[in-house]
Amino acid sequence: MGTGCVWCGDPRSVELGIAVSVIAMGAMLLAGGRLSAKVATGAVTAFALFHGMAHGMEMPLGARTAEYFIGFVLATATLHACGVVLGKFIANSAANCRVTGVLGVVMAAFGGMLMLS
């Protein structure tokens, strides 16, 4: 099942891509920002492909595409804004390294559980 299968809509490939992306995001947190911005941006963009494909495949047949899309854009923007605020709070906290390390381990473990399910 490679990443190319995502384009044919194989749900197993999409779910595997999501699980791998969650593990990789946990690893990026554990790396503590030691990745270049270009590498991190490329990885997050690739991960977004799997997540977007999964949500597109979940769209009910009778749904209005524009409304469904607008709802996901608004939800995504809200989640990103919350992530930026939380990230700035953690970055300014004295326990920055410890918090990001714990979050990285939890996220990677969750990705592993996704792979096993």
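Since the structure is predicted, the reported quantities are computational estimates derived from the model, not experimental observations.

**Points about helix H2 (residues 37–58)**
In this model H2 runs 31 Å from its N-terminal to its C-terminal C-alpha over 22 residues, within 8% of the 32 Å that 1.5 Å per residue would give. Within the sequence span of H2, burial applies to Ala43, Phe47, Phe50 and Ala54. All buried residues of H2 lie within an arc of 45° about the axis, which places them on one face of the element. Turned more than 90 degrees from where H2 packs its buried face, Ala37, Lys38 and Thr45 sit exposed.

**Some remarks on the pattern of salt bridges**
Going through the model one piece at a time under the given rule, you end up with 1 salt bridge. Ionic pairing is found between Glu67 and Arg64, a salt bridge with its closest N-O pair at 3.4 Å.

**Thoughts on the nonpolar core**
Judged by nonpolar contacts, Val14, Ile18, Val22, Phe50 and Ala54 together constitute the single largest core of 5 residues. Mapped onto this core, the elements with two or more residues apiece are helix H1 (11–30) and H2. Here the element with the most residues in this core is H1; it accounts for 3 residues. Contact partners of Ala54, with chain neighbours within four places excluded, come to Val14 and Ile18.

Calculation criteria
Residues numbered from 1 in each chain as written. Predicted model: local features only at pLDDT ≥ 70, side-chain atom pairs only at ≥ 80, totals over all residues. Heavy atoms only, no water. Helix = DSSP H or I, 4+ residues; strand = E, 2+ residues; numbered from the N terminus. Expected span 1.5 Å × (residues − 1). Buried < 20%, exposed > 50% of the residue type's maximum accessible area, 1.4 Å probe, protein only. Arc of directions from axis to C-beta. Salt bridge = Lys/Arg side-chain N within 4 Å of Asp/Glu carboxyl O. Core = buried A, V, L, I, M, F, W, Y, C linked by side-chain atoms within 4.5 Å. Contact = heavy atoms within 4.5 Å.

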